[in-house]
Amino acid sequence: MSALLVAHGLTGGNWSKVAVIDTERSADLYADLGAYNVLQLGAPFTPERYLQALDACEQAGMEVVVLDSISPCWEHLLDYHASLPGNSFSNWSKVTPRHNALVEGITRSPLHVIACARSKTEYVLADRNGKQVPEKVGMKPIQRDGIDYEFTLVFELDLKHYATATKDRTRLFMDQPPSKLTPQVGEKLLKWCQTGSVARPATAEDVQALIRQCHTMALLTELYRLLTPEQQQAHKPAFQQQKQRLLAVPFVQPTFSQTHSDHGNQPHAA
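Predicted, not measured: the structure shown is a model, and the values here were computed from it.

Caption draft 1: Examining the packing of helix α3 (residues 71-83) against helix α4 (residues 96-107) more closely. Two elements in contact, α3 and α4, have axes separated by 10 Å at closest approach and are oriented at 165°. Taken as axis vectors, α3 and α4 run roughly antiparallel relative to one another. Every pair of crossing elements has a handedness; the one defined by α3 and α4 is right-handed. Contacts between α3 and α4 involve C73, W74, H76, L77 and Y80 from the first element and R98, H99 and L102 from the second.

Encoded structure:
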């Protein structure tokens, strides 16, 4: 629910631009909040299926995607690694590239992506009277170690739903007392995203990524004027395609369903 409230603020209050990629079969439980979109993702929870779902959200004109959650993907990869014959250490070479591809897809997406993760109790061995005994130190996300380095902002929620920023490149929430996540948090993030100027991209890949990230005609026009004449000519088809997407009437693909306050809708399975 916290992720949905932040997403609502990130869209400026437009639930129709919010999508939940739901692996937990729980997205409809918060349907009373508003008519957001749901894409149910079933097993197998492979990185490739997550990326396909993320692409479907982009093609459907979403602005914010909530991944609830990314933990089943990591658990799938752990099971896949355990099933491989041969040397366990060298077998990670067959797992890590797939995980990295998912992380790359999330970080390079033109959409705002909010990724939720399951958590478990974390213990460490402490020395007590000469004996090693387990000691509870907090909660740990069920994901690959270091995943938090890939995100701009990381919140940890306690049992009372209060959030503490453990990583914050925006510098908006770091060192602040724990508080509940609200649409106002999303509004602050949206304002931060819209602050500053666009640097001239150096490579063709950078230009393509920035074109996809332009969610208004004003930003698209600003980016076009920033480029050299050669870049403008080379990427003219991409600009035209993004312009048509921005001017088109928003639609929702059949794989989605919009939530309703009566909790009675049944989203299509992906």
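Caption draft 2: Fine view of the sheet that holds strand β8 (residues 162-168). Strands sit in the order β7-β8-β9 across an open sheet of three strands; the sheet is antiparallel. Each end of this open sheet is capped by a strand with a single partner; those strands are β7 (153-157) and β9 (179-180). As paired elements, β7 and β8 share five bridges and run antiparallel to each other. Following the sheet pairing, V154 is matched in β8 by K167.

Caption draft 3: View of the pattern of salt bridges. Considering all chains together, one arrives at six salt bridges under this definition. A salt bridge links R245 to E58; the shortest N-O distance between them is 3.9 Å. Of the two residues, R245 is situated in helix α9 (residues 236-247) and E58 in helix α2 (residues 47-59); the sequence distance between them amounts to 187 residues. Judged by its relative accessible area of 30%, R245 is partly exposed. Note on E58: relative accessible area 14%, which makes it buried. The network of salt bridges with common partners includes E24, E75 and R118.

Caption draft 4: Representation of empty space enclosed by the protein in the model. With the rule as written, the count across this model stands at one cavity of 30 Å³ or more. Quantified by volume, the largest cavity comes out at close to 60 Å³. Taken together, I70, H99, L102, V103, I106, Q143, I147 and F151 make up the full set of residues lining the largest cavity.

Caption draft 5: The arrangement of the environment of L247 in detail. Note on placement: L247 falls in helix α9. Judged by its relative accessible area of 57%, L247 falls in the exposed class. Sequence separation of L247 and M217 is 30 residues, and the distance between their C-alpha atoms is 8.4 Å.

Caption draft 6: Region of interest: the side chain of Q242. Tracing the backbone shows Q242 in helix α9. Residue contacts for Q242: discarding those within four places in its chain leaves I211, R212, C214 and L220.

Caption draft 7: Region of interest: α4. In this model, α4 (twelve residues) spans 16 Å end to end at C-alpha, consistent with the 16 Å of a helix rising 1.5 Å per residue. For α4, the complete set of buried residues consists of H99, L102, V103 and I106. What you see down the axis of α4 is that its buried residues fit within an arc of 95°, all on one side. At its buried positions, α4 is contacted by α2, β3 (64-68), α3 and β4 (112-115).

Caption draft 8: How the structure looks around the side chain of D22. As for its position among the elements, D22 is in strand β1 (residues 18-22). One buried charged residue, D22, forms no salt bridge at all, with the nearest opposite charge on R25 at 6.8 Å. At 3.2 Å, the side chain of D22 forms a polar contact with the backbone nitrogen of A27. Apart from residues no more than four positions distant in its own chain, D22 is found in contact with A27, V38, L39, Q40, L41 and D68.

What counts, and where the lines are drawn
Numbering of residues starts from 1 in every chain and runs along the sequence as written. Local features in this predicted model are restricted to residues whose pLDDT is 70 or higher, and side-chain atom pairs enter the listing and the counts only when it is 80 or higher, whereas totals over whole chains, interfaces and linings include all residues. Excluding hydrogens and water, the side-chain figures rest on all heavy atoms present in the structure. Each axis is a line fitted through C-alpha atoms, and for a helix only the stretch in contact is used; angles between axes span 0 to 180 degrees, taken between their N-to-C directions. Runs of E in the DSSP output that reach at least two residues are strands. Runs of H or I that reach at least four are helices, and both are numbered from the N terminus. Convention used here: angles under 35 degrees read as roughly parallel, angles over 145 as roughly antiparallel, angles from 65 to 115 as roughly perpendicular, and any remaining angle as oblique. Crossing handedness is read from the near helix: turned anticlockwise from the far helix by less than a right angle, it gives a left-handed crossing, and turned clockwise, a right-handed one. Contacts were defined at the residue level, with two residues in contact if any of their heavy atoms lie within 4.5 Å. Whether two strands pair depends on DSSP finding at least two bridges between them. The working definition used for a salt bridge is a side-chain nitrogen of Lys or Arg within 4 Å of a carboxyl oxygen of Asp or Glu. Exposure classes here rest on a 1.4 Å probe applied to the protein chains alone. A residue is buried below 20% of its type maximum, exposed above 50%, and partly exposed in between. Both cavities and pockets are sets of points on a 1 Å grid over the protein atoms alone; in a cavity a 1.4 Å probe fits but cannot get out, in a pocket the set is open with protein on both sides within 12 Å along at least five of seven lines, and lining residues sit with an atom within 4 Å of a point. Grid points are joined across faces, edges and corners, and a volume is the space filled by probe spheres set on the points. Helix span, expected: 1.5 Å multiplied by one less than the number of residues in the helix. Our arc is simply the arc of the directions from the helix axis toward the C-beta atoms. A residue counts as positive if it is Lys or Arg and as negative if it is Asp or Glu; His and the chain ends are not included. Distance and chemistry together define a polar contact, namely a pair of N or O atoms within 3.5 Å, with one atom able to donate a hydrogen and the other to accept it when in protein, and with adjacent residues in sequence counting only for side-chain atoms on both sides.

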